[in-house]
Amino acid sequence: MIIATLAFYLFAIVAVISALNVILQRNPVHSVLWLILTFFNAAGLFVLLGAEFVAMILVVVYVGAVAVLFLFVVMMLDINITLIREGFLKYFWAGAIIGIVLLVELAVVFGGWAMSPEAESLRIAPAPAPDALSNTEALGTLLYTHYAYLFQAAGLVLLVAMVGAIVLTLRRRPNVRKQKIANQVNRSVADTLEVVKVETGKGVS
Amino acid sequence: MAEFVDGYLLPGLWIVGKILLFAVPIMIGMAYLTYAERRIIGAMQMRKGPNVVGPFGLLQPFADAIKLMFKETVVPTGSSPVVFFLAPMITFTLALLAWAVIPVDSGWVISNLNVGVLYLFAISSLGVYGIVMAGWASNSRYAFLGAMRSAAQMVSYEVSIGLVMISVLLTAGSLNLTELVEAQKGLWYFLPHFPMFILFFISVLAETNRHPFDLPEAESELVAGFMTEYSSMSFALFFLGEYMNMIMMSGMVSILFLGGWLGPQDMLPGLSVLTPVLAWVPGIVWFVLKICFCLFVFIWVRATFPRYRYDQLMRLGWKVFLPFSLIWLVLTAGFLVYFDKLPQ
């Protein structure tokens, strides 16, 4: 038990420190690296909760894929830090006001949060007791059996977003030479080679 | 006090001992893998390879290690020193970290994790950070280009690796690596999943940045890619990390497709004369033999195939491997449901 408590405080403290560093670093690449450390510690906290499946998926999806793309983009930006700081005071007040408004809104929403009994009864209780099943099975039954249609709908929304992104960024460039694998495979010897008997002194035209 | 000793100290020491039992043979194996690669490629190209230091050149890896340790460590100007030295350490650590869940015999594993396959996938997908950080921190164009190539390449091939893993998991019905191996008793998965076995192995070549997909360090275009600015031990850590990754990935291939520590006696009922002999061989020997086989193929491929062009590499990953593994996943699921063979 002591080990688990110590591990919790370790993960929690490192997570908070690295999350702070994400916004305090001047260099955006360092920010992304701190963000990755934050993800890691969140995964550690999930393991302590007994949700090892979610922890692993967090590492695979966020650290292994999303953060790589962040890093990819941020590294290629040529960010001039002095230029960014130039307009800092000018926009500071606008930013602060927006922040305060958002904070008040959040406080109002969460202060008045109440669940109607109808909505509460609609929620499916985790059908078999979570202790009897492994993590993966429990999540699987919930997602693919109880909420299968919602899951499919979420997938469709993501598909639309993906198609949209591709349509927005794809541009056809004319006059670009590309390798056409089908043409290469379909080529036969007769199309490309010709065996000629050359008479001496005549040559081939 | 007695509670502390029995509850924390002894289990802690036992875990450290187990880690050493895994790490030391892996390090030695890695050192001799570099030697084996040079000798095998030498033999394939009708040369001798390293044969001077010690009998048959067997001390060559140690000579190389000593040479690298005595070199000067150069830090390029304008680099980001912390990230620059963190990168090789991450590569090396990640290659060792994966062994925490790999079972070398029934019950011989440091942590018998319930989501072992996911853990392996997570660790192998982190390998890209070492390379990307090295490329960025070096503040050099060659290194940066190599890192960019590597990031795109590894992210692309991870997708097909993940899908192939899902097909295998569906057949076994477990994310636990020990149960996955036990499920292969009688039929190793490389037979029913043969196309995926080949596809997985090729993806592994791309994931470890080995030939013919070694574009991140293509020496004819990028000097040495992301390692250009590294010297001395920081270079050695990258170099050794690559070889440890090869061993780790070979272990993954043997567990997912070649039946881990299982001997061939269950697969070959015709050889009943040999069964007692084969069953007598301990499981770890089979496992090491399978890893050696995979490593030999790694080296064999390097000596045989020319390097892929970058657009061909991307085309292969996204337009060939991804659709094929997706279709195979649907086929596997359909087959298992139709014939009512889903594992419980």
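Residues numbered from 1 in each chain as written. Chains lettered and ligands numbered in written order. Predicted model: local features only at pLDDT ≥ 70, side-chain atom pairs only at ≥ 80, totals over all residues. Heavy atoms only, no water.

Undergrad: Give a detailed account of the overall build of chain B, specifying residues and quantitative values.
TA: Helix and strand counts for chain B come out as 12 helices and 0 strands. For chain B, the succession of helices and strands along the chain, N to C, is α-α-α-α-α-α-α-α-α-α-α-α. A compact globule built from 344 residues would reach a C-alpha radius of gyration of about 20 Å, and chain B, at 21 Å, matches this within 12%. Taken along the three principal axes of its C-alpha coordinates, chain B extends 65 × 60 × 50 Å. For chain B, buried positions account for 51% of its 344 residues. Partitioning the contacts of chain B with sequence separation of at least 6, the portion at a separation of at least 24 is 79%. Surface exposure of chain B reaches about 16100 Å², of which carbon and sulfur atoms provide 72%. Put simply, chain B has 18 plus and 19 minus side-chain charges, and the middle of one group is 11 Å from the middle of the other. (Helix = DSSP H or I, 4+ residues; strand = E, 2+ residues; numbered from the N terminus. Rg over C-alpha atoms; globule rule 2.2 N^0.38 Å. Buried < 20%, exposed > 50% of the residue type's maximum accessible area, 1.4 Å probe, protein only. Contact = heavy atoms within 4.5 Å. Areas by Shrake-Rupley, 256 points an atom, 1.4 Å probe, with all protein chains shown as cover. Lys, Arg positive; Asp, Glu negative; His and termini not counted. Charge placed at Lys NZ, Arg CZ, Asp CG, Glu CD.)

Undergrad: Describe the packing of aromatic side chains, naming the residues involved and giving the relevant values.
TA: Applying the stated criterion across every chain, the model contains 23 aromatic pairs over all chains. Seen from their ring centres, Phe39 of chain A and Tyr62 of chain A are 5.3 Å apart, and the 55 degrees between their planes marks the pair as tilted. Of this pair, Phe39 of chain A sits in helix H2 (residues 28–48) while Tyr62 of chain A sits in helix H3 (residues 52–76), placing them 23 residues apart in sequence. For Tyr62 of chain A, a relative accessible area of 38% translates into the label partly exposed. Here a set of aromatic residues connected by ring pairs shows up, and it is made of Trp188, Phe190, Phe194, Phe197, Phe200 and Phe257 of chain B. Sitting over the face of the ring of Trp188 of chain B, Lys290 of chain B holds its NZ or CZ atom 3.9 Å from the ring centroid. (Phe/Tyr/Trp six-rings, centres within 6.5 Å; stacked < 30°, edge-to-face > 60°. Lys NZ or Arg CZ within 6 Å of the ring centre and 35° of its normal.)

Undergrad: Could you give an account of the interface of chain B and chain A, naming the residues involved and the relevant values?
TA: Counting from both sides, the interface comprises 28 residues of chain B and, opposite them, 26 residues of chain A. Carbon and sulfur atoms supply 79% of the area buried between chain B and chain A, which totals about 2200 Å² over both sides. Applying the counting criterion to the chain B and chain A interface returns 0 salt bridges. Taken together, the connections running from chain B to chain A amount to 5 residue pairs in polar contact (both at pLDDT 80 or more). Within the residue set of the side of chain B that touches chain A, elements represented by two or more residues are helix H4 (116–137), helix H5 (141–172) and helix H12 (310–338) of chain B. (Buried area = accessible area lost by both parts, 1.4 Å probe. Salt bridge = Lys/Arg side-chain N within 4 Å of Asp/Glu carboxyl O. Polar contact = N/O pair within 3.5 Å; in protein donor to acceptor, adjacent residues only side chain to side chain.)

Undergrad: With reference to specific residues and values, describe the domain arrangement of chain A.
TA: Its domain assignment divides chain A into domain 1 (1–81) and domain 2 (130–173). Distance between the C-alpha centres of domain 1 of chain A and domain 2 of chain A: 23 Å. (Domains from an automatic or database assignment.)

Undergrad: Residue-level account of a positive patch on the surface, with values.
TA: There is a patch of like positive charges on the surface, built from Arg171, Arg172, Arg173, Lys178 and Lys180 of chain A together with Arg315 and Lys319 of chain B. Position of Lys319 of chain B relative to the elements: it lies in helix H12. (Patch = residues over 30% accessible without salt bridge, like charges linked within 9 Å, V, L, I, M, F, W, Y side chains within 5 Å.)

Undergrad: Residues and numbers for helix H3 (residues 81–97) of chain B, please.
TA: If you check H3 of chain B, its first and last C-alpha atoms are 24 Å apart, about what 17 residues at 1.5 Å a residue would give, namely 24 Å. For H3 of chain B, the full list of buried residues reads Val83, Phe84, Ala87, Pro88, Thr91, Phe92, Leu94 and Ala95 of chain B. Lining the buried residues of H3 of chain B we find H2 of chain A together with helix H1 (2–44), H4 and helix H9 (232–256) of chain B. (Expected span 1.5 Å × (residues − 1).)

Undergrad: Help me get a handle on unusual backbone geometry, residues and values and all.
TA: All names here are of chain B. Of note, the bond from His211 into Pro212 is cis; its omega dihedral lies within 30 degrees of zero at 0 degrees. Take Pro212: it is sitting in the loop between helix H7 (194–207) and helix H8 (219–222). Positive phi values are uncommon outside glycine, yet Met46 reaches one of about 55 degrees.

Undergrad: Any details on the pattern of salt bridges? Residues and values, ideally.
TA: Residue and element names in this part refer to chain B. Applying the stated criterion across every chain yields a total of 7 salt bridges over all chains. The closest approach of N and O atoms between Glu242 and Arg210, which form a salt bridge, is 3.5 Å. On the criterion of sequence distance, the pair formed by Glu242 in helix H9 and Arg210 in the loop between H7 and H8 is long-range, its members being 32 residues apart. Relative accessible area serves as the criterion here: at 2%, Arg210 is assigned to the buried category. Residue Asp311 pairs with Arg309 through a salt bridge whose shortest N-O separation is 2.8 Å. You can call Arg309 partly exposed: its relative accessible area is 43%. Overlapping salt bridges bring together Glu37, Arg210, Glu242 and Arg302 as one network.

Undergrad: Kindly report on the nonpolar core, identifying the contributing residues and their values.
TA: All names here are of chain B. Formed by 110 residues in total, the largest nonpolar core has its most connected members in Trp99, Tyr129, Leu180, Phe200 and Phe257. Sort the elements by how many residues they give to this core and H4 lands first, with 16 residues. Not counting residues up to four positions away in its chain, the partners in contact with Phe200 are Ile161, Val164, Met165, Met252, Val253, Leu256 and Phe257. (Core = buried A, V, L, I, M, F, W, Y, C linked by side-chain atoms within 4.5 Å.)

Undergrad: Which residues make up the environment of Leu45 of chain A, and what values go with them?
TA: All names here are of chain A. Take Leu45: it is sitting in helix H2. Judged by relative accessible area, Leu45 falls into the partly exposed class, the value being 25%. Distance in space between the C-alpha atoms of Leu45 and Thr200 is 85 Å, their sequence separation being 155 residues. When sequence neighbours within four positions are dropped, the list of residues in contact with Leu45 reads Phe8, Phe11 and Ala12.

Undergrad: Which residues make up a nonpolar patch on the surface, and what values do they have?
TA: A grouping of Leu156, Leu159, Met162, Val163, Ile166, Val167 and Leu170 of chain A is seen on the molecular surface, where their side chains present a nonpolar patch of about 690 Å² in accessible area. Checked against the element boundaries, Val167 of chain A lands in helix H8 (residues 148–169).

Undergrad: Give me the packing of H4 of chain B against H9 of chain B: which residues, what numbers.
TA: Packed helices, taken two at a time, are described by the angle between their axes plus the distance between the axes. Residue and element names in this part refer to chain B. Close contact between H4 and H9 brings their axes to 12 Å; oriented N to C, the two are set at 160 degrees. One way to sum up the angle between H4 and H9 is to call them roughly antiparallel. The hand of the H4/H9 crossing is left-handed. From H4, Leu120, Ser124, Gly130 and Ala134 reach across to H9, where they touch Phe238, Met248, Met249 and Met252. Of the residues assigned to the contact of H4 with H9, the class counts are 6 nonpolar, 2 polar and no charged. (Axes fitted to C-alpha atoms, helices over the stretch in contact; angles between N-to-C directions. Parallel < 35°, antiparallel > 145°, perpendicular 65-115°, else oblique. Left-handed = near helix turned anticlockwise from the far one by under 90°. Nonpolar A, V, L, I, M, F, W, Y, C, P; charged D, E, K, R; others polar.)

Undergrad: Tell me about the state of the cysteines, and please be specific about residues and values.
TA: Residue and element names in this part refer to chain B. Enumeration over the complete set of coordinates arrives at 0 disulfides over all chains. No disulfide involves Cys292; its sulfur sits 9.3 Å from the nearest other cysteine sulfur, which is in Cys294. On the basis of relative accessible area, Cys292 is assigned to the partly exposed category, the value being 43%. By relative accessible area, Cys294 is classed as buried at 1%. (Disulfide = S-S within 2.5 Å.)

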